[in-house]
Amino acid sequence: MIGSMSVRVIVREAVVSDSPADLALLDDGERARAERKRQAAPFVTGHALVRRVLGELLERDPASLVFERRCTTCDSAKHGKPSLVEAPGWHFSLSYTPDVAVVAVAQGAGVGVDVEDLTDADFEGFAGATLSRDETPGFGGLAGHDLLVARAQVWARKEAVLKATGHGLVVDPSEVLVSGPLEVPALIDWRADAPRPAAISIADVALAAGDHRAAVAALTAQSLDVVVGPSAG
Ligand SMILES: CC(C)(COP(=O)(O)OP(=O)(O)OC[C@H]1O[C@@H](n2cnc3c(N)ncnc32)[C@H](O)[C@@H]1OP(=O)(O)O)[C@@H](O)C(=O)NCCC(=O)NCCS
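As the structure is a computational prediction, the values presented were derived from the model and not from experiment.

Colleague: Would you explain the overall build of the protein chain in this entry?
Modeller: For the protein chain, the count of helices and strands is 5 helices and 11 strands. At 17 Å, the protein chain has a C-alpha radius of gyration in line with the 17 Å of a compact globule built from 233 residues. In terms of overall dimensions, the protein chain has a C-alpha envelope of 50 × 35 × 35 Å along the principal axes. Considering the protein chain as a whole, with its 233 residues, one finds that 52% of them fall into the buried category. The long-range share in the protein chain, meaning contacts at least 24 apart out of those at least 6 apart in sequence, stands at 56%. Entry remark: accessible area of the protein chain is about 11,300 Å², with carbon and sulfur atoms responsible for 53%.

Colleague: I would appreciate a short explanation of the packing of aromatic side chains in the present structure.
Modeller: The relation between two aromatic rings is expressed through the spacing of the ring centres and the mutual angle of the planes. Tallied over the full model, the rule gives 3 aromatic pairs. Aromatic pair Phe67 and Phe92: ring centres 5.4 Å apart, planes at 65 degrees, arrangement edge-to-face. Taken together, the residues span a long stretch of sequence, with Phe67 in strand β2 (residues 67-70) and Phe92 in strand β4 (residues 90-96) at a distance of 25 residues. We classify Phe67 as partly exposed; its relative accessible area is 21%. The exposure class of Phe92 is buried, given its relative accessible area of 5%.

Colleague: Please clarify how the pattern of salt bridges should be interpreted in this entry.
Modeller: If the charged atoms of two oppositely charged side chains come close together, the side chains can form a pair. A complete count under the given rule lists 11 salt bridges for this structure. The partner of Arg70 in a salt bridge is Asp75, and the shortest N-O contact between them spans 3.9 Å. For Arg70, a relative accessible area of 44% puts it in the partly exposed group. The structure contains a network of salt bridges with shared partners spanning Asp134, Asp189, Arg191 and Arg196.

Colleague: Just checking my understanding: could you explain the packing of helix α2 (residues 28-36) against helix α3 (residues 40-58) for this structure?
Modeller: When two helices pack together, their arrangement is given by the angle between the helix axes and the distance between those axes. Relative to each other, α2 and α3 sit at 155 degrees, their axes nearing to 8 Å. Taken together, the axes of α2 and α3 lie roughly antiparallel to each other. Between α2 and α3 lies a crossing of right-handed hand. On α3, the residues touching Glu30, Arg33 and Ala34 of α2 are Ala40, Phe43, Val44, His47 and Arg51. Residues belonging to the contact of α2 with α3 are distributed by class as follows: 4 nonpolar, 1 polar and 3 charged.

Colleague: Explanation requested: the environment of Gly89 in the structure shown.
Modeller: If you trace the backbone, Gly89 turns up in the loop between β3 (81-84) and β4. For Gly89, a relative accessible area of 34% puts it in the partly exposed group. Setting aside residues up to four positions removed in sequence, Gly89 forms contacts with Ala106, Gln107 and Gly108.

Colleague: Explain unusual backbone geometry here, please?
Modeller: Phi is mostly negative for residues that are not glycine, and the peptide bonds are mostly trans. With a phi angle near 70 degrees, Asp75 is a residue other than glycine that sits in the positive phi range. Structurally, Asp75 can be placed in the loop between β2 and β3.

Colleague: Where do I start with the site of the ligand in this structure?
Modeller: Around the ligand, a shell composed of 21 residues is seen, among which His47, Ser95, Tyr96, Glu159 and Leu169 lie nearest. A distance of 2.7 Å separates an oxygen atom of the ligand from a polar atom in the side chain of His47. Asp114 is positioned such that a nitrogen or oxygen atom in its side chain is 3.2 Å from an oxygen atom of the ligand. Within the complex, 73% of the 900 Å² of free accessible area of the ligand lies under protein. Of all the cavities here, the one that holds the ligand is the largest pocket. For the shell around the ligand, the element with the highest residue contribution is β4, accounting for 3 residues.

Cut-offs and rules
Residues numbered from 1 in each chain as written. Predicted model: local features only at pLDDT ≥ 70, side-chain atom pairs only at ≥ 80, totals over all residues. Heavy atoms only, no water. Helix = DSSP H or I, 4+ residues; strand = E, 2+ residues; numbered from the N terminus. Rg over C-alpha atoms; globule rule 2.2 N^0.38 Å. Buried < 20%, exposed > 50% of the residue type's maximum accessible area, 1.4 Å probe, protein only. Contact = heavy atoms within 4.5 Å. Areas by Shrake-Rupley, 256 points an atom, 1.4 Å probe, with all protein chains shown as cover. Phe/Tyr/Trp six-rings, centres within 6.5 Å; stacked < 30°, edge-to-face > 60°. Salt bridge = Lys/Arg side-chain N within 4 Å of Asp/Glu carboxyl O. Axes fitted to C-alpha atoms, helices over the stretch in contact; angles between N-to-C directions. Parallel < 35°, antiparallel > 145°, perpendicular 65-115°, else oblique. Left-handed = near helix turned anticlockwise from the far one by under 90°. Nonpolar A, V, L, I, M, F, W, Y, C, P; charged D, E, K, R; others polar. Near = heavy atom within 4 Å. Polar contact = N/O pair within 3.5 Å; in protein donor to acceptor, adjacent residues only side chain to side chain. 1 Å grid on protein atoms, 1.4 Å probe; cavity = no way out; pocket = protein on both sides within 12 Å on 5 of 7 lines; lining within 4 Å. Sits in = over half its atoms within 2 Å of the grid points.

Take a look at the structure:
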């Protein structure tokens, strides 16, 4: 149901490119990290997209935004889930592959986004690495392209949940059970030792990039009203 009892999640995607304009938006710390990457372009596109989207929503100069990080597992400020300094109540998440970057923004609820390239779901051990035994029947009868789509979508849902909570892959995704690929996205069971989030909602995201799948999750019991903005970059 979309209405006042839903949380709006704004999603933007960008095609990865080598863009001096993107690089110019990054701060010194981000540029230093970009230089250490084997592939800088996805990082630069992704972080510039975060700055552009938040700058637009907050009516601030994108280059002036300041971020901090906090690790859910060890409380370090050197890594972990990033957040905006001086914008309480605004939450965002970033995910990128070598080709596509996706950002999700929500107000009033922690948010996570994950994008997956279908080709990365093309390996024999997928079920063993990512699914609980209780989830495998949902993949029965799927083959070829449909199977890859199903895997990428379910994997994106799980990782979106773990990015919303901030645990990331410290929590084994096979202990985070989500609905089957052909069902409405939802968290079905939480079997990890880490505390289960009090409330979480999940939505699939329709991307322009047809060879990718994405999902968002937000720490709320309300349904998600996903608004996919125009492709930037
Ligand atoms: C979060 C994580 C799942 C993302 O992995 P990925 O699929 O390679 O990458 P994605 O492109 O989807 O997302 C990367 C972005 O997620 C964000 N991110 C990083 N850690 C995060 C966390 N714990 N929660 C939510 N978002 C996180 C960052 O913006 C990151 O981009 P950056 O590295 O360029 O700054 C992975 O980095 C992870 O598991 N991190 C946790 C590691 C950890 O906490 N270790 C224990 C330390 S005590």
